[in-house]
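A structural walkthrough
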Amino acid sequence: MSKMIKCIKQLPIKAWGIILGLVAIKLWLAAIMPLSNDEVYYHTYALYPALSHFDHPPMVGWIIQLFTCNMQWHNDFFMRLGAIVFSIFNSIIVYCFVKRISNTKAAMVALILFNASFYNSVVAGFFIMPDTGLLTFWLLALDFFHRSLTAEMISKKERWWIIAAGIFTGLAMLSKYQAGSLWASAFLFILIFKRKWLKEPTFYLSGIITILVFFPAILWNIQNQFASLSFHGERVNLLHQKFNYLYFAREFFGQMIYTNFVVYVIIVWSLIYYLKHFSQRTLSEKFFVYFGMPVVFIFLFISIFKATLPHWSGPGFSTLILLASITLANSCKAKPIFLKRALVWSASGYIGAVIIIVLQLQFNIIPLGYENDPTSDITGWDELGQKFSKLRTKHLCEGKISPKHVFLCYRWFPGAHYDYYLAEPNHIKLIISGDVSNSHKYLWINKARNGIPKGYDAYYLTTDTIERSANQVYSSYFKTISAPDQIVINRNQKPFILYYLYILHDYNGKSLF
């Protein structure tokens, strides 16, 4: 740990420039950009804390609670502040990790490539997601696994390091279940290269510590009929599944996009270089392959049969970036122009994508339309909230809705957005109807909010007047449904999204769940 502190003190000005420059941009974006579907959903983890939750373990909720002062500072900026602060830690860990096992040049390359990855810098390092805690604790666990498992001798120091690795793996698993693959990689690495660890009691003690740290999530699952583990188990259950090339293509090309195409190519090149010069590879380089590739291959394999999300394999690529950085820095000594171009292209790809997203949000430079625009879920929520508040005040004054009312939605998304930007600021309970597949954590929140009392009115908001109109969804639950008010959300001073706000009168008490 003293070496880590020394490394931080010796960070060059260039490294601090990259780290703090990115932080400044992220802080600005956090202040102006509304929360995404996932982010507003995870804010419920902080509003309704528990030992674990339906979708994920509790870490992301704890991070939100910490950086919003237990939801006292309840706005978009402080919601994301934890992710941005954790991204600083990640950059420092990566720089010091690579410098310790290689050199300063490789560490600078690692810092640039790591932050050029959209998964590292945006998904985990800007959006407040379960990946925020996962990536930080994954990197710490990886560092301590490396310190202990690549050492020539097993001394007291290495034993403490393997215990630290177990603690951080447990914390990573409290962020996201897939961090358990760290132990699978460690066991495989030990079987092939370091079997003497199998005779070490501290190796098994470290595994027990991981389980103890992760125990809150285990206990919650026991208390809730293993709801979370069953949900994720079904997501990766391959029984009776058929080959689906579209799922595989989405995962394969999604990995490229999330990693940054240029960084992805550098990783592939480094793996080819690794194989060509296998006999000359160090144990450290082999370590990164054994800890990075399993996660990537597992989700690629699952995607052959089941729908996956590209960021699930993100920590695997984060690990392989460290290998790529060392390989790129040390193999391009004779031709430094290649190294320079690789870093410029990687950074340019990241910066270019960020600029396009910001311009799209502000000026709609690519007229894709609401349905096809991937930035539509982070558009216009503050404006919608303000317009809803004015309409609600008008409805109450005119007696169009009873003071006793709730906000209804049929699914956790966009329900979480409605909850965060519309219902909570107006002190209205939002209820998600349907079973757990639609409501997720809201199944538990509905109970905490005591559902909908008989006779209450409700608001219902939608962009779809055909399949998801209030009459289609709730006509059998309410006495009457008023014709909707229209709310127009603009982008670049032009209409972008059209919402329909319904008032549902006199709930009849039939079960909505």
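Our structure is the block above this text.
Residues numbered from 1 in each chain as written. Predicted model: local features only at pLDDT ≥ 70, side-chain atom pairs only at ≥ 80, totals over all residues. Heavy atoms only, no water.

In this section: unusual backbone geometry. For the bond running from Phe413 to Pro414, omega is 15 degrees, close enough to zero to count as cis. The topology assignment puts Pro414 in helix H19 (residues 412–423). In the Ramachandran plot, Asn260 falls in the positive-phi region, its phi being about 90 degrees despite a non-glycine side chain. Mapped onto the elements, Asn260 comes out in the loop between helix H13 (245–259) and helix H14 (261–276). Within the chain, His440 stands out as a residue other than glycine whose phi angle is a positive 50 degrees. Mapped onto the elements, His440 comes out in the loop between helix H20 (436–439) and helix H21 (442–448). On the accessibility criterion, His440 (8% relative accessible area) is buried. (Helix = DSSP H or I, 4+ residues; strand = E, 2+ residues; numbered from the N terminus. Buried < 20%, exposed > 50% of the residue type's maximum accessible area, 1.4 Å probe, protein only.)

Moving on, we come to the state of the cysteines. Within this structure, the stated rule accounts for one disulfide. Disulfide pairing places Cys7 opposite Cys96 at an S-S distance of 2.2 Å. A torsion of -100 degrees about the S-S bond marks the disulfide between Cys7 and Cys96 as left-handed. On the criterion of sequence distance, the pair formed by Cys7 in helix H1 (residues 2–9) and Cys96 in helix H5 (residues 76–101) is long-range, its members being 89 residues apart. Under the relative-accessibility criterion, Cys7 is labelled buried at 7%. Given a relative accessible area of 7%, Cys96 falls into the buried group. (Disulfide = S-S within 2.5 Å.)

Positionally, Thr327 belongs in helix H16 (residues 314–331). Apart from residues lying up to four places away in sequence, Thr327 is in contact with Trp269, Ser270, Tyr273 and Glu285. (Contact = heavy atoms within 4.5 Å.)

Moving on: the packing of helix H8 (residues 130–149) against H16. H16 packs onto H8 with a crossing angle of 45 degrees between their chain directions and a minimal axis gap of 10 Å. It follows that H8 is oblique to H16 by the angle criterion. As for how H8 packs across H16, the hand of that crossing is right-handed. Within the contact between the two elements, H8 uses Leu134, Leu135, Trp138 and Leu142 and H16 uses Pro315, Ser318, Thr319 and Leu322. Among the residues forming the contact of H8 with H16, the class breakdown is six nonpolar, two polar and no charged. (Axes fitted to C-alpha atoms, helices over the stretch in contact; angles between N-to-C directions. Parallel < 35°, antiparallel > 145°, perpendicular 65-115°, else oblique. Left-handed = near helix turned anticlockwise from the far one by under 90°. Nonpolar A, V, L, I, M, F, W, Y, C, P; charged D, E, K, R; others polar.)

Here helix H11 (residues 201–223) is 23 residues long and its end C-alpha atoms lie 32 Å apart, about the 33 Å a rise of 1.5 Å per residue gives. In H11, a bend of some 55 degrees at Phe214 exceeds every other bend along the element, and Pro216, a proline, comes one to four places later. Listed as buried for H11 are Thr202, Phe203, Ser206, Gly207, Ile209, Thr210, Phe214, Ala217, Trp220 and Asn221. Where H11 is buried, its residues contact helix H9 (156–173), helix H10 (181–193), helix H12 (227–235) and H21. Gln225 sits one or two residues past H11 and shows a positive phi near 55 degrees. (Expected span 1.5 Å × (residues − 1). Bend = angle between axes of the 7 residues up to and from the residue.)

Here we take up empty space enclosed by the protein. Enumeration over the complete set of coordinates arrives at two cavities of 30 Å³ or more. Approximately 50 Å³ is the volume found for the largest cavity. Lining the largest cavity are Ser117, Tyr119, Asn120, Tyr258, Thr259, Pro310, His311, Gly314, Phe317, Ser318 and Ile321. Taken together, the residues that form the lining of the largest cavity break down as five nonpolar, six polar and no charged. Its volume calculated, the second largest cavity comes out at about 40 Å³. Forming the walls of the second largest cavity are Ile19, Leu22, Val23, Lys26, Ser87, Ile88, Ser91 and Asn115. (1 Å grid on protein atoms, 1.4 Å probe; cavity = no way out; pocket = protein on both sides within 12 Å on 5 of 7 lines; lining within 4 Å. Points joined across faces, edges and corners; volume = space filled by probe spheres on them.)

This paragraph deals with the packing of helix H4 (residues 59–67) against H8. Direction vectors running N to C along H4 and H8 enclose 100 degrees, while the axes themselves pass 7 Å from each other. In terms of orientation, H4 and H8 fall into the roughly perpendicular class. Along its contact with H4, which presents Met59, Val60 and Ile63, the element H8 presents Pro130, Thr132, Gly133 and Phe137. Classifying every residue of the contact of H4 with H8 by side-chain character gives five nonpolar, two polar and no charged.

Summed over the entire model, instances satisfying the criterion amount to 11 salt bridges. For Lys176, the salt bridge identified is with Asp131, shortest N-O distance 3.0 Å. Of this pair, Lys176 sits in the loop between H9 and H10 while Asp131 sits in helix H8, and the two are 45 residues apart along the sequence. When its relative accessible area of 3% is taken as the criterion, Lys176 is described as buried. One salt bridge in this structure joins Arg281 and Glu285, with 2.9 Å as the shortest N-O distance. Look at Glu285 and you get buried, because its relative accessible area is 6%. (Salt bridge = Lys/Arg side-chain N within 4 Å of Asp/Glu carboxyl O.)

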